[in-house]
Amino acid sequence: MKDLDDFGKALVQANHDNGSWRQKLEYIKNLFDDDKCASHAGFNAGNPATSHLAVISVYLHFLSTGQVPCYDVGGHHRPCDHAKCASAIDEALDKIHKTPTNAYVIRKIRPLLPSYGGDYTVSVPFTRIRDIAHSNLPKDLKDDIKHNLQNKLHRCAGPEDLVTAERIWANSKDRGDVSGQYKEQMWTFMGEIREFFNAGGLEDKLNDIKSKGLPNSEGIGLIDAFLAAKHGQDLAQKLSALVALRANLNEYVANAAHGPERQSVRFADVQVEQYAFVLLAEAAKIFEDQGHNVDWQFALTAAGSALENGRLSESLKADEAASLYAESQDMLKKPLDLGRYKAWLDRAVRLCTTFSDAMQDLFLAHVGSIGRGLGVDDHAAKVFVEAEVRASVVFQLSRVLSAAVKSAKNAMNAPPWSALQPGATTGKLVAYDNIADLLNKIGEHKDAPVIAFLNSAEGDEDIPPSVAGVVLGHELPLLSHLGVRARQQGVIFACSDGAEAYHTLKGSMASLWGKTVTLDVNIGGVVSVLESKGGAAGGAQLSQSTPQLPIDIASSSDMTATSVVTCSKATEATCGAKSSAAGEILALVEKQGGCDFAAPPGCALPFGAMMAAAKGSWPAYSAAADDFNAKAVKGETADVLAAEMRKMIGAQWKVDDKMIAAIQTSFPAAAKVMVRSSANCEDLQKVSGAGLYDSIANVDVGDKVALSRAVSLVWQSLWTKRAAMSRRGAGMKHTDAAMGVLVQQMVVGDLSFIAFSSNPITRNTNEVYVEMCVGMGETLASANQPGTPYRFTFDKAKKTVNVQALSSFSLALVPPPGGSFDLIEKVIDYSKIPLHTDPAFRQDVVTRIAKAVMALADARGSAQDVEGVVVLKGSAADVHIVQARPMVLAD
């Protein structure tokens, strides 16, 4: 039992000490209502760990299937004791606060408990089998019933009694030497014992609750409609009737008081859910047989039904499943739009995968160890986990979705890869989970560049200079900070559109790991990795400590100004390029008058303000910066040292109260502001530095403490690990880096965008490239969320918008209602997003964004990387530009 935690060890010991099914159930009950028992097991009865609930579920499953045997331990405990235990456990489960993580596991426990209906809580249940045993029967049958079933059931009931009853009934129902009365009474008894052990069939369960007037008059009508559809041939009608019935059953369960009626309805719903699995398996087979000619109307109907079943079974996140279902109903009413279908399918597949992976990880982590502790065969334990995933309606939903995705991609001729940075390069082939892992091993790759297969990326990392190419295991916004840096450094970069393409390519690399290869990423989405015949790899910087072209930032920075200024007076030398650009954007809006975009007002805190705050600790700061360069060889060390630098800044660099007051006078008293970095080492002609430094959202300008803290956090972001490593790689001295602060009135956009005035992927100067998302722009910039953004190109000559992709992000980042700096996640219902559903709106908004970006490029005299938001006003929209920087691309 070495691999078991304290709870697992306690459960295994309790199973050993308690032989009968009643005793084992009683132990589970005691975990919830006996403080001493719970404390000894390390079990939190009020808020159990999900892992402990999973172990209980596994244990009860092994009990119900006989893989953990129960024994007759003597004594005389009728089945009413078992029923009372079940009632207590069920009631305790009701009191647990449900989360998306534990709800499904709780649901799995309930059907493994015996019924506690009134027939089973009376002092002497199952009297019918006693009467049968004493009736006029052939001696062999009488003895079999009396000694192997009746006495055992009344004294020490267990799941093995159902097996015995089924055996006796199978062997006696067709005997010619027994009476019709015996068969009638025995058949009735079989219904009773099956109900007790929750082993009845679907129609039996539904007819049983109907006979009791459950769940309600509407529900009884839905039962009749479902049973009628069940015996018909229309699969879509069956699914529709099933979903309607399950919704009613679940509503009853949610509102009914604890008791046998509620349990009966809950058990009936489990049976209907199992039938849903059968119907969805049938639907999945139809779609798989259709190949590339999927019936989209039926596919959406079936997938929508599966989503509702998953939500009702608490298998899928309720709000996201409901959002997907709502959009599926909206799509059913509109003409076929494969781009929208594909985005929807991507979200739905991700929802299924998230659930399946989570459940597999949860049960895999425990079933093997608890199974071994209980003496269960290892194979049986392994099969249990596979069955848990594959027996779920979510598994059948994933089959429906997979077939539909293949059909959509085929119809759209969609490539399996996105070229974040097309081209070809050579390097040593390596594989890591993520960039942080690669960075920790970067010393092993100092002599030659590498081509790295990476399973994941967060989107705001810095790319080590020794990386020549990256093959990433998922999609990424092409204009994310990571994408921008890849193009700046000339790193050839491919992102897979789904796990299948990535794992297939990675799996074919078995003979090439550690060898020099050529990575070729085609703009059309074709990726190849071939062994290089040309010898040594090339095409990337080979050392972080000896950059080829150091960048001087000190000579162009003026550290003397210390007063807060309006954006119109901010210069690049005193306040940073970002603050200066904000002033230029405002000037362009005012100059053009009728310009079709707006810009938020703001002010800037110059470099000199930071330097004044740092004056007293500068010698120690300089020494610590040098120490970072000397010691931060591995990523883990860099993390620790960078955190120490941020801590030093937060503790010793105090924000002057007069500066805070000056910022406050620049805005309305109730305004919320964005406090943005405006360093002298970002937004430059040669170095973008996008995403290296922090911006703080949702700051209450009237709160001096919050405003001061936000400014301090921006100063501290000089020492995010990614920023420090980037400066070192670019040859910038840390002590030359200074942080200005741009404060802008916050515009809470319904949509956010990043746009390049020239297509950075194809290098086509006649195209504006735009990526958008719902909510705040951090979704695009950081790329922390799985999914793809809206992707558009605008042809400057033809004035036309080309839709490359519709968004498949599941969540939007929005400001919280209070004063927290941390944005919160909100599930997106794309059926309510006009950019998603209205082509005319899409054309208009993207055209306006493109024209604004083109105007900025003309005014600033170079290609621009622009960020902004769109505020929806009914069917209209306002475009706001919040920042612009020069586009920086590798030659």
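Please read these numbers as outputs of a predicted model, since none were measured by experiment.

**Some details on the overall build of the protein**
For step 1, the next point in the chain: Secondary structure summary: the protein contains 34 helices and 20 strands in total.
For step 2, the next point in the chain: On the principal axes, the C-alpha backbone points of the protein span a range of 110 × 65 × 60 Å.
For step 3, the next point in the chain: When the 891 residues of the protein are sorted by exposure, 57% land in the buried category.
For step 4, the next point in the chain: Long-range contacts, defined here as pairs at least 24 residues apart, represent 70% of the contacts in the protein between residues at least 6 apart.

**Topic: the sheet that holds strand S11 (residues 696-700)**
For step 1, the next point in the chain: Taking strand neighbours across the sheet as the criterion, the five strands line up as S8-S9-S12-S10-S11 in an open arrangement whose pairing is antiparallel. Both edges of this open sheet fall to strand S8 (565-566) and S11, since each of them pairs with a single strand only.
For step 2, the next point in the chain: Of the pairings in the sheet, the one linking strand S10 (residues 672-679) to S11 comprises three bridges and is antiparallel in character. In the strand pairing of S11, Lys 672 is matched with Asp 700.
For step 3, the next point in the chain: The sheet strands contacting helix H26 (residues 607-614) are strand S9 (602-605), S10 and strand S12 (739-745), and the helix crosses S12 at an angle near 125°.
For step 4, the next point in the chain: Contacting S9, S10, S11 and S12, helix H30 (residues 704-716) runs over the sheet at an angle of about 25° to S10.

**Quick word on the sheet that holds strand S14 (residues 767-774)**
For step 1, the next point in the chain: Sheet architecture is open: six strands sit in the order S16-S15-S14-S13-S19-S20, paired in antiparallel fashion. Because the sheet does not close on itself, it has two edges, and the strands there are strand S16 (800-805) and strand S20 (876-886). For this sheet the average axis-to-axis angle between neighbouring strands, irrespective of direction, equals 25°.
For step 2, the next point in the chain: When S14 meets strand S15 (residues 790-795), the two strands line up antiparallel, connected through six bridges. Among the inter-strand pairings, Met 772 is bridged to a residue of S15, identified as Tyr 790.

**Some remarks on the nonpolar core**
For step 1, the next point in the chain: Membership of the largest hydrophobic core comes to 133 residues, with the highest contact counts inside it found for Ile 28, Phe 32, Phe 189, Leu 206 and Trp 344.
For step 2, the next point in the chain: Take this core: its biggest share by element is 14 residues, from helix H18 (residues 338-374).
For step 3, the next point in the chain: Setting aside residues up to four positions removed in sequence, Phe 189 forms contacts with Phe 126, Arg 128, Ile 129, Ile 132, Leu 149, Leu 153 and Ala 165.
For step 4, the next point in the chain: Residues Ala 452, Phe 753, Ala 852 and Ala 884 belong to the second largest nonpolar core, which totals 76 residues.

**Focus: the side chain of Glu 308**
For step 1, the next point in the chain: One can find Glu 308 in helix H16 (residues 296-312).
For step 2, the next point in the chain: Within the local environment of Glu 308, its side chain forms a polar contact with the side chain of Arg 311, the two groups lying 3.0 Å apart.
For step 3, the next point in the chain: Aside from chain neighbours lying at most four places away, what touches Glu 308 is Val 243 and Tyr 325.

**Thoughts on the pairing of strand S3 (residues 450-454)**
For step 1, the next point in the chain: For S3, the tally of buried residues reaches five of five residues, placing the bulk of the element in the interior.
For step 2, the next point in the chain: The alternating pattern of S3 places Val 450, Ala 452 and Leu 454 on one face and Ile 451 and Phe 453 on the opposite face, and all of these are buried.
For step 3, the next point in the chain: In this structure, S3 lies alongside strand S4 (residues 467-472), joined through five bridges in parallel fashion. Across the sheet, the residue bridging to Val 450 is Val 467, located in S4.

**Concerning the pattern of salt bridges**
For step 1, the next point in the chain: As enumerated under the stated definition, the model contains 49 salt bridges in all.
For step 2, the next point in the chain: The partner of Glu 26 in a salt bridge is Arg 22, with the nearest N and O atoms 3.6 Å apart. Here the residue Glu 26 and the residue Arg 22 both occupy positions in helix H2 (residues 21-33), the gap between them amounting to four residues, near one helical turn.
For step 3, the next point in the chain: On the basis of relative accessible area, Glu 26 is assigned to the partly exposed category, the value being 31%.
For step 4, the next point in the chain: Glu 203 serves as the salt-bridge partner of Lys 230, at 2.9 Å between the closest nitrogen and oxygen. Placement of Lys 230 in helix H13 (residues 217-230) and of Glu 203 in helix H12 (residues 202-211) is noted, with a sequence separation of 27 residues between them.
For step 5, the next point in the chain: It is possible to trace a salt-bridge network through shared partners that takes in Asp 90, Asp 94, Arg 110, Arg 262 and Arg 266.

**Some remarks on the packing of aromatic side chains**
For step 1, the next point in the chain: A full pass over the atoms with the stated rule returns 25 aromatic pairs.
For step 2, the next point in the chain: Geometrically, the ring pair formed by Phe 126 and Phe 196 is edge-to-face, given 5.4 Å between the ring centres and 85° between the ring planes. In this pair, Phe 126 sits in the loop between helix H7 (118-121) and helix H8 (127-133) while Phe 196 sits in helix H11 (residues 180-196), placing the two residues 70 residues apart along the sequence.
For step 3, the next point in the chain: Exposure remark for Phe 196: the relative accessible area of 0% places this residue in the buried category.
For step 4, the next point in the chain: One aromatic cluster in this structure is built from Trp 21, Tyr 120, Phe 126, Phe 189, Phe 196 and Phe 197.

**As for the packing of H2 against helix H4 (residues 50-64)**
For step 1, the next point in the chain: As a packed pair, H2 and H4 sit with axes 12 Å apart at the nearest point and diverge in direction by 170°. Considering their axes alone, H2 and H4 lie roughly antiparallel with respect to each other. Here H2 contributes Trp 21, Lys 24, Leu 25, Ile 28, Leu 31 and Phe 32 to the contact with H4, which in turn contributes Leu 53, Ile 56, Tyr 59, Leu 60 and Leu 63.

**Side note on the environment of Met 887**
For step 1, the next point in the chain: Counting through the fold element by element, Met 887 comes out in the segment after S20.
For step 2, the next point in the chain: For the pair Met 887 and Phe 756, spaced 131 residues apart in the sequence, the C-alpha separation amounts to 7.3 Å.
For step 3, the next point in the chain: For Met 887, the contacting residues outside a window of four places in its chain are Phe 756, Ser 757, Ser 758, Pro 760, Ala 863, Gln 864 and Asp 865.

**Digging into unusual backbone geometry**
For step 1, the next point in the chain: Leu 214 connects to Pro 215 through a cis peptide bond whose omega is 0°.
For step 2, the next point in the chain: Mapped onto the secondary structure, Pro 215 falls in the loop between H12 and H13.
For step 3, the next point in the chain: The residue Phe 126 is not glycine, and still its phi comes out positive at about 55°.
For step 4, the next point in the chain: Positive phi values are uncommon outside glycine, yet Asn 413 reaches one of about 55°.
For step 5, the next point in the chain: As for its placement among the helices and strands, Asn 413 is situated in the loop between helix H20 (393-412) and strand S1 (417-421).
For step 6, the next point in the chain: The class of Asn 413 is exposed, set by a relative accessible area of 69%.

**What to know about helix H23 (residues 499-507)**
For step 1, the next point in the chain: The set of residues buried in H23 consists of Ala 501, Tyr 502 and Leu 505. End-on view of H23: buried residues confined to an arc of 95°, all on one side of the axis. Exposed positions of H23 whose direction lies more than 90 degrees from the buried face are Glu 500, Thr 504 and Gly 507.
For step 2, the next point in the chain: Packing partners of the buried residues in H23 comprise S1, S3, S4, strand S5 (492-496) and strand S7 (527-531).

**Re the packing of H16 against H18**
For step 1, the next point in the chain: Running from amino to carboxyl end, H16 crosses H18 at an angle of 25°, the nearest separation of the two axes being 12 Å. If you check the angle between H16 and H18, you find them roughly parallel. The interaxial crossing formed by H16 with H18 has left-handed handedness. Here H16 contributes Trp 296, Leu 300, Ala 303 and Leu 307 to the contact with H18, which in turn contributes Leu 338, Tyr 341, Trp 344, Leu 345 and Leu 351.
For step 2, the next point in the chain: A class-by-class count of the residues in the contact of H16 with H18 yields nine nonpolar, no polar and no charged.

**A few points about the confidence of the model for the protein**
For step 1, the next point in the chain: On average, the protein scores 91 in pLDDT, and the residues at 70 or more come to 97%.
For step 2, the next point in the chain: For the stretch residues 536-548, pLDDT sits under 50, and the model shows 37 contacts to residues farther than four places along the chain or on other chains.

**Points about helix H22 (residues 481-489)**
Along an α-helix, residues three or four positions apart point the same way, because every turn accommodates 3.6 residues.
For step 1, the next point in the chain: The element H22 is largely enclosed, with a buried count of eight among its nine residues.
For step 2, the next point in the chain: Here H22 has its buried residues at His 481, Leu 482, Gly 483, Val 484, Arg 485, Ala 486, Arg 487 and Gln 488.
For step 3, the next point in the chain: Looking one or two residues beyond H22, the residue adopting positive phi is Gly 490, at roughly 70°.

**What about the environment of Ala 284?**
For step 1, the next point in the chain: On the secondary structure map, Ala 284 appears in helix H15 (residues 260-290).
For step 2, the next point in the chain: Sequence separation between Ala 284 and Asp 626 is 342 residues; the distance between their C-alpha atoms is 61 Å.
For step 3, the next point in the chain: Other than its neighbours up to four places away in sequence, Ala 284 contacts Gln 396, Arg 399 and Val 400.

**Structural notes on the state of the cysteines**
For step 1, the next point in the chain: In this structure the tally under the stated criterion is zero disulfides.
For step 2, the next point in the chain: Counting only cysteine sulfurs, Cys 80 is the nearest neighbor of Cys 85, a cysteine outside any disulfide, at a range of 10 Å.
For step 3, the next point in the chain: No disulfide involves Cys 681; its sulfur sits 15 Å from that of Cys 575, the nearest cysteine.

Rules behind the numbers
Residues numbered from 1 in each chain as written. Predicted model: local features only at pLDDT ≥ 70, side-chain atom pairs only at ≥ 80, totals over all residues. Heavy atoms only, no water. Helix = DSSP H or I, 4+ residues; strand = E, 2+ residues; numbered from the N terminus. Buried < 20%, exposed > 50% of the residue type's maximum accessible area, 1.4 Å probe, protein only. Contact = heavy atoms within 4.5 Å. Pairing = 2+ DSSP bridges. Axes fitted to C-alpha atoms, helices over the stretch in contact; angles between N-to-C directions. Core = buried A, V, L, I, M, F, W, Y, C linked by side-chain atoms within 4.5 Å. Polar contact = N/O pair within 3.5 Å; in protein donor to acceptor, adjacent residues only side chain to side chain. Salt bridge = Lys/Arg side-chain N within 4 Å of Asp/Glu carboxyl O. Phe/Tyr/Trp six-rings, centres within 6.5 Å; stacked < 30°, edge-to-face > 60°. Parallel < 35°, antiparallel > 145°, perpendicular 65-115°, else oblique. Arc of directions from axis to C-beta. Left-handed = near helix turned anticlockwise from the far one by under 90°. Nonpolar A, V, L, I, M, F, W, Y, C, P; charged D, E, K, R; others polar. pLDDT = per-residue confidence, 0-100. Disulfide = S-S within 2.5 Å.

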